[in-house]
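Below, each chain spelled out in residue letters.
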Amino acid sequence: QVQLVESGGGLVQAGGSLRLSCAASGRTFSRYAMGWFRQAPGKEREFVSAISASGSNTNYADSTKGRFTISRDNAKNTVYLQMNSLKPEDTAVYYCAARSAPYRSIRPLDYDYWGQGTQVTVSS
């Protein structure tokens, strides 16, 4: 069982930055691929970024590529999402998720554990 707790959301002006953190419980964090997803009001949950269990491989949604950076610290059981050049369309609840496999996936259904989410609001 893995419990995930996100933090770092908030209100920021367009062009600003935020760093989200996701702290995981358990001793096997380094075996899980991790992902970030987001959900805006009235929209489906969408993929943002993912990182392999080792941290060697990452991928991003086209809408976030070049602006967001995912990373992880397996010694601290934490995954991060650095978000730069934020836009109003980035406004959403951001969720981190853990997959019981070392390889990334962009599909929410492939993830087994989810955090409660953290709100990110970007004002224009």
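Note that the coordinates shown come from a computational prediction; the quantities given were computed from them, not determined experimentally.

### Some thoughts on the packing of aromatic side chains
Scanning the model with the defined rule gives six aromatic pairs in all. Relative to Phe-47, the ring of Phe-37 lies with its centre 5.8 Å away and its plane at 70°, an arrangement referred to as edge-to-face. Placement of the pair is Phe-37 in strand E4 (residues 33-39) and Phe-47 in strand E5 (residues 46-51), with a sequence separation of 10 residues. The exposure class assigned to Phe-37 is buried, which follows from its relative accessible area of 0%. Judged by centre distance (5.2 Å) and plane angle (75°), the ring pair of Phe-37 and Tyr-111 falls under edge-to-face. With a gap of 74 residues between them, Phe-37 in strand E4 and Tyr-111 in the loop between strand E9 (92-99) and strand E10 (113-114) connect regions that are remote in the sequence. This pair shows no difference in class: Phe-37 is buried, exactly as Tyr-111 is. An aromatic cluster of at least three residues, connected via ring pairs, comprises Phe-37, Phe-47, Tyr-95, Tyr-111 and Trp-114. Against the face of Tyr-95 rests Arg-45, its NZ or CZ located 3.9 Å from the ring centre. Above the face of the Phe-29 ring, Arg-72 is positioned so that its terminal group lies 4.4 Å from the ring centre.

### Re the pairing of E5
Summarising burial for E5: five of the six residues are buried, a large majority. Judged from the five bridges that link them, E4 and E5 form a sheet pairing that is antiparallel. By the bridge assignment for E5, Phe-37 is matched with Phe-47. Pairing analysis gives three bridges linking E5 to strand E6 (residues 58-60), with the strands arranged antiparallel. In the sheet register, Ala-50 faces E6, and the bridge partner there is Asn-59. Here E5 hands over to E6 after six residues, with Gly-55 in that stretch at a positive phi of 90°.

### Some points on the nonpolar core
Judged by nonpolar contacts, the single largest core of 28 residues is most densely connected at Leu-4, Met-34, Trp-36, Val-79, Leu-81, Met-83 and Tyr-94. Among the nonpolar cores identified, the runner-up in size contains six residues, and Phe-37, Ala-50, Ala-61 and Tyr-111 belong to it.

### Notes on the environment of Arg-99
Inspection of the secondary structure assignment puts Arg-99 in strand E9. Its relative accessible area of 19% is what places Arg-99 among the buried residues. Separated by 87 residues in sequence, Arg-99 and Val-12 place their C-alpha atoms 30 Å apart. Arg-99 has contacts with Arg-31, Tyr-32, Ala-33, Arg-104, Ser-105, Asp-110, Tyr-111 and Asp-112, leaving out every residue within four places of it along the chain.

Scoring rules and cut-offs
- Residues numbered from 1 in each chain as written.
- Predicted model: local features only at pLDDT ≥ 70, side-chain atom pairs only at ≥ 80, totals over all residues.
- Heavy atoms only, no water.
- Phe/Tyr/Trp six-rings, centres within 6.5 Å; stacked < 30°, edge-to-face > 60°.
- Helix = DSSP H or I, 4+ residues; strand = E, 2+ residues; numbered from the N terminus.
- Buried < 20%, exposed > 50% of the residue type's maximum accessible area, 1.4 Å probe, protein only.
- Lys NZ or Arg CZ within 6 Å of the ring centre and 35° of its normal.
- Pairing = 2+ DSSP bridges.
- Core = buried A, V, L, I, M, F, W, Y, C linked by side-chain atoms within 4.5 Å.
- Contact = heavy atoms within 4.5 Å.

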